[in-house]
Structure formats: C-alpha cells, structure tokens
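Tertiary structure, described
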Amino acid sequence: MSANSELYQKHIYVSEDDLDDQEHVNNVRYVQWIQDVAQEHWETRASEEQKAGLAWVVVRHEIDYKMEALLNDEILLETRIIDTTHVTSLREVVIKNNNSGKLLAKAKTTWCLLDQKTKKPQRISDELKQIFQ
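The structure reproduced in this document is the subject of the present report.

As for empty space enclosed by the protein
Applying the stated rule across the entire model yields one cavity of 30 Å³ or more. Taken as a whole, the largest cavity encloses approximately 150 Å³ of empty space. Looking at the largest cavity, it is lined by 14 residues, and the ones nearest its centre are W56, I81, S89, R91 and F132. Of all elements in the fold, only helix 1 (27–45), strand 3 (74–84), strand 4 (88–97) and helix 3 (126–130) reach the threshold of two or more residues within the lining of the largest cavity. For the lining of the largest cavity, the element with the highest residue contribution is helix 1, accounting for three residues.

As for the pairing of strand 4
By the criterion of burial, strand 4 is predominantly enclosed, with eight of the ten residues buried. Following strand 3, the chain reverses through three residues before pairing antiparallel with strand 4. In this structure, the hairpin formed by strand 4 and strand 5 (residues 103–115) is closed by a connection of five residues, where G101 is found at a positive phi of approximately 80°.

Description of helix 1
A turn of α-helix holds 3.6 residues, and therefore any two residues three or four places apart point the same way. With 19 residues, helix 1 should cover 27 Å at 1.5 Å per step; its first-to-last C-alpha distance of 28 Å lies within 8% of that length. Turning to helix 1, its buried residues are Y30, W33, I34, V37, A38, H41 and W42. Summarising the axial view, the buried residues of helix 1 lie within an arc of 165°, below the 170-degree limit, and thus occupy one face. Among the residues of helix 1, the N-terminal cap falls to N26, whose side-chain oxygen and the backbone nitrogen of V28 are separated by 2.8 Å.

Re the layout of surface pockets
Here the largest pocket defines a volume of roughly 200 Å³. What lines the largest pocket is simply E49, Q50, G53, L54, L113, Q122, R123, S125, E127 and L128. When residues of the lining of the largest pocket are traced back to their parent elements, those giving at least two are helix 2 (48–53) and helix 3. Looking at the lining of the largest pocket element by element, the count peaks at three residues for helix 2. Grouping the constituent residues of the lining of the largest pocket by class yields three nonpolar, four polar and three charged.

About the thresholds
Residues numbered from 1 in each chain as written. Predicted model: local features only at pLDDT ≥ 70, side-chain atom pairs only at ≥ 80, totals over all residues. Heavy atoms only, no water. 1 Å grid on protein atoms, 1.4 Å probe; cavity = no way out; pocket = protein on both sides within 12 Å on 5 of 7 lines; lining within 4 Å. Points joined across faces, edges and corners; volume = space filled by probe spheres on them. Helix = DSSP H or I, 4+ residues; strand = E, 2+ residues; numbered from the N terminus. Buried < 20%, exposed > 50% of the residue type's maximum accessible area, 1.4 Å probe, protein only. Pairing = 2+ DSSP bridges. Expected span 1.5 Å × (residues − 1). Arc of directions from axis to C-beta. Polar contact = N/O pair within 3.5 Å; in protein donor to acceptor, adjacent residues only side chain to side chain. Nonpolar A, V, L, I, M, F, W, Y, C, P; charged D, E, K, R; others polar.

Shown next as structure tokens:
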C-alpha cells in the first residue's frame, strides 16, 4: 500500500483540557489525537465482523513537533496508510492549523494487527488492505 491510500480527515477545536502550563497544546494530547484519528478511520471503514475479530495496537510512534497550537484553534487531522507488511501497518498523521494551513506536527505510527481472541499478530489480508484504498 502506498501514500495513494484513502486520506481521512477530522476537524477538532483546542479546548482548555488540551493545554499545558505554557498555555499551548500538551505534547501528550497530540499522541492522543494521533491514536484517536487512526481509530476513527478504522471504525468508519471496517465491517462489524472485522471490528469484532481484529484489533490494532501501537508498536511505535515517531512524532515531529513543528509549531504550537493554542486555545480555540481549529485543528485539521489528516491520516492515511502509507505502507503495510505482513502484520503491521505504517500510518501517517499530519496535524495542521486549519485556518492558517501551518503544519503543527507530523507523525508516523506503526500499528500491529491482532486477533481479538488470541491477542496474537494477525496477517493483514488483501481484503483488509482494500478498505483503505
């Protein structure tokens, strides 16, 4: 799978709960947004059967923080699958200020597919890859 996979977008607004002592979005919140948008993308594309039998877990986050986000900023989260292996998927998340278009952060996260019952890695089938095309 390549960067030609489906681009999924979500808009959010920075709230007081997102801020740290310096009055900008806490780095931990970016990690939460990265996980949330990936999960939401999966939830909107996977079948009920797939969601019941499979789960994704993070094995690696790589995040570059570029600019701060402040209270009430409108944030655009964009995500897509950029590569897959036998049991892992590499997902990119781009976080921008929606009004200025400026890049706030960019992440690459490696997710491993698990069987819900056994909790063991599960092969990523061609059928599963297709839901993100």
